[in-house]
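Structure assessment
Here's the letter readout for the chains.
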Amino acid sequence: MPAEAAMPALLECRDVSVRFGGVLALAEVDFTVARGAIAALIGPNGAGKTTLLNAITGMAPIYGGVIRFAGADITAMPPHRRSKAGVVRTFQNLEIFSNMTVLENVMTGAHRRVKYNLLDAVFKTPRYFRAEKQCVGVAMDCLEFVGLAAARDLPAGELPFGNQRLLELARGIAAAPELLLLDEPAAGLNMKETRQLGALISRIRDERGVTIALVEHDMDLVMSISDEITVLQYGQELAKGTPAAIQRNPKVVAAYLGDDEDGDDDRGAGRANA
Amino acid sequence: MAGRPQKGSDVAGNRKNLAQVLAFATALFLAPFFLPNEYYLTVLIIACINAIIVAGLNLLLGYAGQISLGHAAFFGLSSYATALATAKFGLPMELGLIIAVGLTSLVAFLIGIPTLKLSGHYLAMATLGFGVIVYIFFNETVELTGGPSGYVGVPRLKLFGLVFSSDRAYYFLVAGVLALIMLVSLNLINSRFGRALRAIHTSEKAAQVSGVDIGKYKLLIFVLSAAYAAVAGFLYAHYLTFIAPTSFSFSFSVALITMVVLGGMANMWGAVAGAFFLTALPQVLQVFETYEVLIFGGILIVCMMFLPDGIVGGATRLLRFLASSLKRKQGGADAR
């Protein structure tokens, strides 16, 4: 792994397995993200990409393996503790707080950074006002970063779809994560929006120092912004490498385009012979 | 910051909350001077007591989105706890209050740990089961609670040397407690805790990603809402001086939920409006005698059909509509 030698790994998944009943959704997958990198996770539908993201954020039960983040073992941590440790994600099917304004959504994202207790809130102590003012500042900064500052007081549910995606990003960076996991951030966006998103993701890494791991189907986006790509198929790692290497990898090409000679599906080939 | 009401937490929002509570407290204080007779004072007292429970239930149901069909049981537990502590064991009422609220909160805590792992219909069923069990307990432990015929002889309230013997004095106390509860609740909502609760309502996953310990928050708000019900139960027992299981039955739990929904979910003033409306309505409808229940049900149906966001939500929309049409009229006049 060349990337690892250059930079220390921020996230390290070793032999991670996830089982849903009798189905092995992930079988001993390794996935490493170097600090400061943009790492992509691709693969055909049902390959286990989102499941891996769920495992990393504590939302899927881990059957075997170890997940280390910044050197600490987080395998058994509940999701909110992982968030506090600096692992934050967005969702494929938007999970916007539709009962709040745009600003409140982002302020909720900064929840872990706002420090005051219940009594401060009930008695409105100076500490409450100081922290809330700071929280509004953080949230506005994030909204400006994604270009949604003008929509701050709108109910979040009224935003157009593309802007809801941006809102999720703003909410994610409001938590000041070390690692931001993006689950199909370009799904449902048109070409122009996707290009802008790609630029935005690079800016999150460059300007905010956030390491990024994304699951994505849009190959143009993946190839243009990623430092390293991991390809999954049937819950197993198929290939790993730089965008250029992945594009040339015959196994990956076969998995995506279907290759009759190798049989894109060994099980299918076996059945045919029998 | 014009236009839409700002629910977010900022200094302006906090000032608005304080102003609203002060106006509400003043209105409550003045209300008895306009009542035709003393009987209506009793209705007002009961309405305030109900509003205290509904305020807590609104935090739980309206904001955090967790249903409880067992809140009548918490109300009842507290009533019986203070009744037994003060009448049977002769303890001072201050201690009765502590025991009632402490015991009820503890029960809510213990019940909450397993049940709040459930959601939706399952949570409703679990809390319903709890309510039914407590109701049976009140009925069957005749030696302790007096059984179905109730517990007679709860002493009238005496706190810190003050005796609340007249209904008017009692009303001012209950109204003061309600105003205080409203202020505490509004302050709570207007903070990172309120945002966390509302986040749990719409997306538990996204709330967790934001670092919200959803299990802890659900339990916290469940216990807090039970504690509100306990304060109400304490005030109820020492006002009526007689309590019976029928006041704490399943149907009262349903009535409480109706008050939350009818008043307006996720709106603290909706909770008060719902409680006052549903407590007063049967009194007003008594003149219709046999048809009372029919008309009561009819009004509820009409409300739910035409006021999907509750009484307060509907009233706000109406005011906004009137304001905008007035502005349009003025604009037209200026143009001419």
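Fair warning: this is a prediction, and the values are worked out from it, not measured in the lab.

Helix and strand counts for chain B come out as 14 helices and four strands. C-alpha extents for chain B along the principal axes are approximately 80 × 55 × 45 Å.

Moving on to the overall build of chain A. Along its length, chain A carries 12 helices and 10 strands. Computed over C-alpha atoms, the radius of gyration of chain A comes to 20 Å, within 12% of the 19 Å expected from 2.2 N^0.38 for 274 residues, which places it in the range of a compact globule. Projected onto its principal axes, the C-alpha positions of chain A cover 75 × 40 × 40 Å. When contacts within chain A are restricted to residue pairs at least 6 apart in sequence, long-range pairs at least 24 apart make up 68% of them.

Residue and element names in this part refer to chain A. Among the structural elements, Leu103 can be located in helix α4 (residues 102-109). Look at Leu103 and you get buried, because 27 C-beta atoms sit within 10 Å. Put simply, Leu103 and Leu148 are 45 residues apart on the chain and 9.3 Å apart in space, counted from C-alpha to C-alpha.

Attention shifts here to the nonpolar core. One finds Ala139(A), Ala170(A), Ala51(B) and Ile52(B) to be the most contacted residues of the largest nonpolar core, which totals 184 residues. Composition of this core by domain shows at least three residues from each of domain 1 (1-86 + 177-274) and domain 2 (95-175) of chain A.

Attention now goes to the domain arrangement of chain A. Residues and elements named next belong to chain A. In terms of domain boundaries, chain A breaks down into domain 1 (1-86 + 177-274) and domain 2 (95-175). Spacing between the C-alpha centres of domain 1 and domain 2 amounts to 29 Å. Taken together, the contacts link 12 residues of domain 1 with nine residues of domain 2. Taken together, the elements giving at least two residues each to the side of domain 1 that touches domain 2 come down to α3 (79-85) and α8 (191-208). Sorting elements by how many residues they give to the side of domain 1 that touches domain 2 places α8 first, with four residues. Across the side of domain 1 that touches domain 2, the residue classes tally to seven nonpolar, two polar and three charged.

Residues and elements named next belong to chain A. For strand β9 (residues 228-233), the buried fraction is high: six of the six residues fall into the buried class. Every second residue of β9 is oriented toward a common face, with Glu228, Thr230 and Leu232 on one face and Ile229, Val231 and Gln233 on the other, all of them buried. Pairing analysis gives four bridges linking strand β3 (residues 38-42) to β9, with the strands arranged parallel. Looking across to β9, one finds that Ala40 is bridged to Ile229. Two elements, β9 and strand β10 (residues 236-241), share five bridges in a ladder whose sense is antiparallel. Pairing of Gln233 across the sheet is with Gln236, part of β10. What sits between β9 and β10 in their antiparallel hairpin is a turn of two residues, with Tyr234 showing a positive phi close to 50°.

With that settled, consider helix α10 (residues 214-240) of chain B. Residue and element names in this part refer to chain B. Taking 1.5 Å as the rise per residue, α10 with 27 residues should run 39 Å; its terminal C-alpha atoms sit 39 Å apart, in good agreement. Most of α10 sits inside the fold, with 20 of its 27 residues counted as buried. A positive backbone phi angle near 60° is found at Thr241, which sits one or two residues after α10.

With that out of the way, let us pick up the sheet that holds strand β4 (residues 64-69) of chain A. Residues and elements named next belong to chain A. Strand order in the open sheet made by the four strands is β2-β1-β4-β5, with antiparallel pairing throughout. At either end of the open sheet lies a strand with only one pairing partner, and these are β2 (23-34) and β5 (72-73). In this sheet, β5 lies alongside β4 in antiparallel orientation, the contact comprising two bridges. If you follow Arg68 over to β5, its bridge partner there is Asp73.

Turning next to the packing of α4(A) against helix α6 (residues 126-146) of chain A. All names here are of chain A. Orientation of α4 relative to α6, taken along the N-to-C sense of each, is 110°, at an axis distance of 9 Å. Here α6 runs roughly perpendicular to α4, going by the angle between their axes. For the pair α4 and α6, the crossing hand works out as right-handed. Across the interface between the two elements, Val102, Leu103, Val106 and Met107 from α4 touch Cys135, Val136, Ala139, Cys142 and Leu143 from α6.

Residue and element names in this part refer to chain A. Residues with a pLDDT of 70 or more make up 91% of chain A, whose mean pLDDT is 88. For chain A, the element scoring lowest by mean pLDDT is helix α12 (residues 266-273), at 39; strand β7 (residues 179-183) scores highest, at 96. Across residues 1-5 the pLDDT falls below 50, and counting only partners more than four positions away or on other chains, this stretch makes eight contacts in the model.

Taken together, the contacts link 30 residues of chain B with 33 residues of chain A. Taken together, the elements giving at least two residues each to the side of chain B that touches chain A come down to α1 (11-30), α7 (167-189), α8 (192-202) and α9 (204-209) of chain B. Counting residues per element, the side of chain B that touches chain A draws most heavily on α8(B), at eight residues.

All names here are of chain B. On average, residues of chain B score 88 in pLDDT, and 95% of them reach the 70 mark or higher. Of the regions scoring below 50 in pLDDT, residues 1-9 engages in 14 contacts with residues more than four places distant in sequence or in other chains. Interface predicted TM-score (ipTM) for the complex: 0.86; the corresponding pTM is 0.88.

Residues and elements named next belong to chain A. Spatially, the six strands line up as an open sheet ordered β6-β7-β8-β3-β9-β10, and their pairing is mixed. With partners counted over all chains shown, the strands left at the sheet margins are β6 (87-89) and β10, one partner each. Each strand of the sheet is rotated relative to its neighbour by a mean of 20°, with strand direction disregarded. Across the sheet, helix α2 (residues 49-57) lies against β3, β6, β7, β8 (211-215) and β9, angled at about 150° from β7, the strand it touches most. α8 rests against β3, β7 and β8 of the sheet, and its axis sits at about 155° to β8.

Glancing now at α2(A). Residue and element names in this part refer to chain A. Extensive coverage of α2 is indicated by the burial of eight of its nine residues. Residues Lys49, Thr51, Leu52, Leu53, Asn54, Ala55, Ile56 and Thr57 constitute the buried set of α2. Of the residues trailing α2, Gly58 is marked for its positive phi of about 85°.

Further remarks concern the pairing of strand β1 (residues 9-20) of chain A. Residue and element names in this part refer to chain A. Pairing analysis gives eight bridges linking β1 to β2, with the strands arranged antiparallel. By the bridge assignment for β2, Val18 is matched with Leu26. If you look at the hairpin formed by β1 and β2, you'll find two residues sitting between the two strands, and Gly21 has a positive phi there, around 60°. Note that β1 and β4 share five bridges and pair antiparallel. If you follow Ser17 over to β4, its bridge partner there is Gly64.

Reading the values: rules and limits
Residues numbered from 1 in each chain as written. Chains lettered and ligands numbered in written order. Predicted model: local features only at pLDDT ≥ 70, side-chain atom pairs only at ≥ 80, totals over all residues. Helix = DSSP H or I, 4+ residues; strand = E, 2+ residues; numbered from the N terminus. Rg over C-alpha atoms; globule rule 2.2 N^0.38 Å. Contact = placed C-beta atoms within 7 Å. Buried ≥ 20, exposed ≤ 12 C-beta atoms within 10 Å, placed from the backbone. Core = buried A, V, L, I, M, F, W, Y, C linked by C-beta atoms within 7 Å. Domains from an automatic or database assignment. Nonpolar A, V, L, I, M, F, W, Y, C, P; charged D, E, K, R; others polar. Pairing = 2+ DSSP bridges. Expected span 1.5 Å × (residues − 1). Axes fitted to C-alpha atoms, helices over the stretch in contact; angles between N-to-C directions. Parallel < 35°, antiparallel > 145°, perpendicular 65-115°, else oblique. Left-handed = near helix turned anticlockwise from the far one by under 90°. pLDDT = per-residue confidence, 0-100.

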